Amino acid sequence: MSDRIKEKLEILADAAKYDVSCSSSGSNRKNKNGGLGNTGAGICHTYTEDGRCVSLLKILLTNHCIYDCAYCVTRKSNDIKRAAFTVQEVVDLTINFYRRNYIEGLFLSSGIFKNADYTMERLVLVAKKLRQEHNFNGYIHLKTIPGASDELMHEAGLWADRLSVNLEIPTEEGLKLLAPDKTRASMIQPMDYLKNEIIRTSEEKKIIRSTPKFAPAGQSTQMIIGASGETDQHIIKTAQYFYKNFQLKRVYYSGYVPISMDSRLPSIGTAVPTVRENRLYQTDWLMRFYGFKANEIVNDSHPTLDLDIDPKLGWALRNLHVFPIDINRADYALILRIPGIGVSSAKKLVAARKFTALGLEHLKKIGVAVNRAKYFISCRGYLPTVSDKPAERIKSYILAESASKYLKVAPNQLSLF
Amino acid sequence: MRAGIIVTYDGSWLGVFTLVFQVYAHRWDVKEIVKSSEKVQAQLFADITTVITDEQLANRVLKSLRESFGNELIQELYYVFLSELPEADLLLLKAVQFYFAKAKDPNYQKNIKGSNLRTQAGGGGVRHNYAEDTVLQVQQIGRSVSRERHRMKAFIRFEKMNDGLYVAFIAPDFNVLPLIIKHFRDRYTDQCWLIYDVKRNFGAYYNLHTVEEIILEDGDQGQAVRAISWDAEEALYSDLWKRYFRAVNIKERKNMKLHIQEVPRRYWKYLTEKK
Ligand code: SF4
């Protein structure tokens, strides 16, 4: 018995690992009535050997699937070992891992067996058992199966903290080519339902406080990068569209790992586009936390992100007329746009300059990457000497000074600006 | 006025603020602070002044700091205290002196009034004058301690004993056990647990009702606790976790440099999956 569970776990964790979302934040579930667990801490309990955060027990309920999406290891035509957990097995694993402080909760997804409702029903049952029988208040993220009934989606929202529907391929044409059983419309429909339910329950909650929570950590999605020849502009425009219209909490980008001999896809052995993935995450951050609009970063005349420099530096070099920015006077929003200054340094600068006119020595101490920032700022006793130089020249200076950082950029690492 | 004296105190939190009180009362100029537990060679410190911890005096200092600068400052100073760094004692004294000086300075007072003391862009408190060395140093040490606290929340692994107790042994760089108890109490209310700091030889034990501080008798890596045997399923679940950890790797993306940056080697001893 225990050998079989070990094998199942290996198969069903391996199959789930390409879903990169592992976030356990955004929910604030308290531990009620002396039960087990809470959410809100968003802790990474360990990191994989490729440096990704492990926060949740991320598994498939089963890797049997009736569909045949080309980019997916679980597709029905793939010759692999198949396995399926029982509902109780997933519950026991979650509780026992949680009690040992291995995880923040569960991220449960599944191949589609029999049909959408049959699959969704079981995912919902796992969550319901955890909440009701074990008084479990840890994090639960359920994948919603496109085509599942509204009733099941609703129940999923009652037990889960987060729900997600993966867009998988950034363009509709790409999707049609690679996942003939799926359509963009079949993904939008559940997203739309969830969005409306989330809005409705949060409105109700304002009036009737006892309204039960509905997916308090919202919904997210994932796109696979580099499987269908899309440009960065496609990806970022799609991301912005979904952020805006479906109020997504997060869009995840997953560099395609070649797993298949299929002429429609990059061949086995092609490198995973980790640097590109990193640039996309940086762009995503710029849009969510730095006040950038998608078309400032990619547009028709500049549809591809630079791989050798981050998108914030790229924007600055294309917009040298905005600089130099005066550290002691400029608005917080502008300070944020200076390469080499992150959110935390920007806040400190704005706070500290009330007391003293800041010079380069202060900037260094506060943690500004002065090596980069120096081309774009003025402050007490300092005016940039190269701001009238062409962008290419500045770029080469910066690359030369931080060669190690840019050339050996750690893939997937979110060291931001 | 005595110039450049050496002071010794008991190393406690209230001891620090008693010391501060005495520095003001006697107008000492302190050049060095030594904890009484640290073995000092008496001949080297011929002129050494002992401060006796006095809760009331300490609380007077703390109250006045709290009133002028808010609880956030007390918390920042507490983090510096828990860092146990050799420079922490003097820094704490310097920081308090800096803040009291500012409390009297009408210009600073003007800045503080009506502005938000909490961290946010444009927040006006002196605590955010990061151009000032003392402020910055307090903040930076605070960050290191906070990082260690966060890592302990993440990296502690409980093992289940056959009497139902969940046990974890830790040896953090800074004394962060006091900072993580609430987190574990809020989260694990329906299981007994023990988190034991083997480096400082004390632990927090939760008995389903309250958390008690305990010191294991033999003081030796918690032999007493280890002598109890494991729960029948402990081996199964720790093995499942190791397998899970291996299965989620994507070998095409392997990047050990990043891995080690996120999980520095000195923490591997805690981690079931790295054993
Ligand atoms: S439906 Fe999901 S699990 Fe099945 S092949 Fe497509 S992506 Fe893979």
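Values in this document were obtained by computation on a predicted structure and should not be read as measured data.

## Some details on the overall build of chain B
For chain B, the helix and strand inventory stands at 10 helices and 8 strands. When burial is assessed residue by residue, chain B has 51% of its 275 residues classed as buried. Looking at chain B alone, contacts between residues at least 24 apart form 69% of all its contacts between residues at least 6 apart. Carbon together with sulfur atoms contributes 49% to the accessible area of chain B, which is approximately 13,500 Å² in total.

## A look at the site of the ligand
Taken together, C65(A), Y67(A), C69(A), C72(A), T74(A), R75(A), G111(A), I112(A) and K182(A) make up all the residues around the ligand. Tallied by class, residues from the shell around the ligand come to 5 nonpolar, 2 polar and 2 charged.

## Remarks on the packing of helix α2 (residues 87–99) of chain A against helix α3 (residues 116–133) of chain A
Residue and element names in this part refer to chain A. The geometry of α2 relative to α3 is characterised by a closest axis approach of 9 Å and an angle of 45° between their N-to-C directions. Looking at the two axes, α2 sits oblique to α3. Where α2 crosses over α3, the two elements pack in a sense that is right-handed. Where α2 abuts α3, its residues V87, Q88, V90, V91, T94 and I95 lie against R122, L125, V126, K129 and L130. Across the contact of α2 with α3, the residue classes tally to 7 nonpolar, 2 polar and 2 charged.

## A short note on the UniProt feature "domain: Radical SAM core" (unreviewed entry) in chain A
Annotation from UniProt places "domain: Radical SAM core" (unreviewed entry) at residues 60–241 of chain A. The span residues 60–241 of chain A carries 45% helix and 12% strand; its end-to-end C-alpha distance comes to 29 Å.

## Overview of the state of the cysteines
Residues and elements named next belong to chain A. Per the stated rule, a full pass over the model turns up 1 disulfide over all chains. Covalently, C44 is tied to C53 through a disulfide, its sulfur atoms 2.1 Å apart. Between C44 and C53, the S-S dihedral sits near -105°, and the bridge is therefore left-handed. Taking the relative accessible area as the measure of exposure, C53 reaches 25% and is therefore partly exposed.

## Here's the deal with the domain arrangement of chain A
Per the domain assignment, the segments of chain A are domain 1 (3–218) and domain 2 (311–416). Between the C-alpha centres of domain 1 of chain A and domain 2 of chain A there is a distance of 40 Å.

## Regarding unusual backbone geometry
Residues and elements named next belong to chain A. Omega for the bond connecting F323 with P324 falls within 30 degrees of zero, at 0°, which places this linkage in the cis form. Topologically, P324 is positioned in the loop between α10 (311–318) and β9 (325–326). Residues other than glycine seldom take positive phi values, yet K114 does so here, at roughly 60°. Here K114 is to be found in the loop between β4 (105–109) and α3. Overall, the relative accessible area of 58% leaves K114 in the exposed class. One non-glycine residue, E168, lies in positive phi territory at about 65°. Inspection of the secondary structure assignment puts E168 in the loop between β6 (162–164) and α5 (172–178). Overall, E168 belongs to the buried group, its relative accessible area being 11%.

## Quick look at the domain arrangement of chain B
Residues and elements named next belong to chain B. Here the domain parsing of chain B yields domain 1 (5–148) and domain 2 (156–274). Contacts between the two partners involve 9 residues from domain 1, matched on the other side by 9 residues from domain 2. Roughly 830 Å² is buried in total at the junction of domain 1 and domain 2, and carbon and sulfur atoms are behind 63% of that figure. On the domain 1 side of the contact with domain 2, L82, E84 and E148 bury the most area, a combined 65% of that side's loss. Our count for the contact surface shared by domain 1 and domain 2 stands at 1 salt bridge. Across the contact surface, domain 1 and domain 2 share 4 residue pairs in polar contact (both at pLDDT 80 or more). Looking at the side of domain 1 that touches domain 2, the elements that each hand over two or more residues are α3 (71–83) and α6 (133–155). The element best represented in the side of domain 1 that touches domain 2 is α3, accounting for 4 residues.

## Notes on helix α1 (residues 13–26) of chain B
Residue and element names in this part refer to chain B. With 14 residues, α1 extends 20 Å from end C-alpha to end C-alpha; this agrees with the ideal 20 Å at 1.5 Å per step. If you follow the buried residues of α1, they end up packed against β1 (5–9), β2 (30–35), α2 (55–69), α3 and α4 (88–104). Positive phi shows up at R27, right after α1, with a value of about 50°.

## Focus on the interface of chain B and chain A
At the junction of the two partners, chain B supplies 62 residues and chain A supplies 65 residues. The three residues of chain B that bury the most area against chain A are R187(B), Y244(B) and R253(B), which together make up 15% of that side's buried surface. Summed over the shared surface of chain B and chain A, the number is 8 salt bridges. Here R243(B) makes a salt bridge to E10(A), at a shortest N to O gap of 3.1 Å. Inspection of the chain B/chain A interface yields 36 residue pairs in polar contact (both at pLDDT 80 or more).

## Concerning the packing of aromatic side chains
Overall, the coordinates contain 34 aromatic pairs over all chains when judged by the stated rule. Residues F242(A) and F246(A) carry aromatic rings whose centres are separated by 5.0 Å and whose planes lie at 20° to one another, so their mutual orientation is stacked. Highlighted residues: F242(A) and F246(A), both in helix α7 (residues 232–246), separated by 4 residues, approximately one helical turn. There is no split in this pair, since F242(A) and F246(A) are both buried. Ring geometry for Y375(A) against Y397(A): centres 6.1 Å apart, planes inclined by 15°, an arrangement best described as stacked. With a gap of 22 residues between them, Y375(A) in the loop between α14 (370–373) and β10 (377–378) and Y397(A) in helix α15 (residues 391–401) connect regions that are remote in the sequence. An aromatic cluster of at least three residues, connected via ring pairs, comprises Y98(A), F136(A), F158(B), Y166(B), F184(B), Y188(B), W193(B) and Y206(B). When the ring centre of F246(A) is taken as origin, the NZ or CZ atom of K195(A), which lies over that ring, is 5.9 Å away.

## Structural notes on the nonpolar core
If you look at the biggest cluster of nonpolar residues, it comprises 198 residues, and the most contacted ones within it are F97(A), F376(A), F17(B) and L65(B). Discounting chain neighbours no more than four positions away, the residues touching F17(B) are A58(B), V61(B), L62(B), L65(B), L77(B) and V96(B). Listed in part, the 7 residues of the second largest apolar core include L165(B), V167(B), L194(B) and L216(B).

## Comments concerning the side chain of S220(A)
Residue and element names in this part refer to chain A. Mapped onto the elements, S220 comes out in strand β7 (residues 219–225). Of the residues examined, S220 reaches a relative accessible area of 1% and is grouped as buried. Leave out the neighbours within four places in its chain, and S220 touches H141, R162, L163, S164, V165, L248, R250 and Y252.

## Regarding the pairing of β4(A)
Residue and element names in this part refer to chain A. Most of β4 is tucked away: 5 of the 5 residues are buried. As judged from the 5 bridges shared by strand β3 (residues 56–60) and β4, these two strands associate in the parallel manner. Across the sheet, L56 pairs through a bridge with G105, a residue of β4. Crossover β4 to strand β5 (residues 139–143) through α3 is right-handed.

Conventions and cut-offs
- Residues numbered from 1 in each chain as written.
- Chains lettered and ligands numbered in written order.
- Predicted model: local features only at pLDDT ≥ 70, side-chain atom pairs only at ≥ 80, totals over all residues.
- Heavy atoms only, no water.
- Helix = DSSP H or I, 4+ residues; strand = E, 2+ residues; numbered from the N terminus.
- Buried < 20%, exposed > 50% of the residue type's maximum accessible area, 1.4 Å probe, protein only.
- Contact = heavy atoms within 4.5 Å.
- Areas by Shrake-Rupley, 256 points an atom, 1.4 Å probe, with all protein chains shown as cover.
- Near = heavy atom within 4 Å.
- Nonpolar A, V, L, I, M, F, W, Y, C, P; charged D, E, K, R; others polar.
- Axes fitted to C-alpha atoms, helices over the stretch in contact; angles between N-to-C directions.
- Parallel < 35°, antiparallel > 145°, perpendicular 65-115°, else oblique.
- Left-handed = near helix turned anticlockwise from the far one by under 90°.
- UniProt positions renumbered as here; feature names shortened; annotations may be inferred.
- Disulfide = S-S within 2.5 Å.
- Domains from an automatic or database assignment.
- Buried area = accessible area lost by both parts, 1.4 Å probe.
- Salt bridge = Lys/Arg side-chain N within 4 Å of Asp/Glu carboxyl O.
- Polar contact = N/O pair within 3.5 Å; in protein donor to acceptor, adjacent residues only side chain to side chain.
- Expected span 1.5 Å × (residues − 1).
- Phe/Tyr/Trp six-rings, centres within 6.5 Å; stacked < 30°, edge-to-face > 60°.
- Lys NZ or Arg CZ within 6 Å of the ring centre and 35° of its normal.
- Core = buried A, V, L, I, M, F, W, Y, C linked by side-chain atoms within 4.5 Å.
- Pairing = 2+ DSSP bridges.
- Right-handed = clockwise from strand over helix to strand, strands pointing away.

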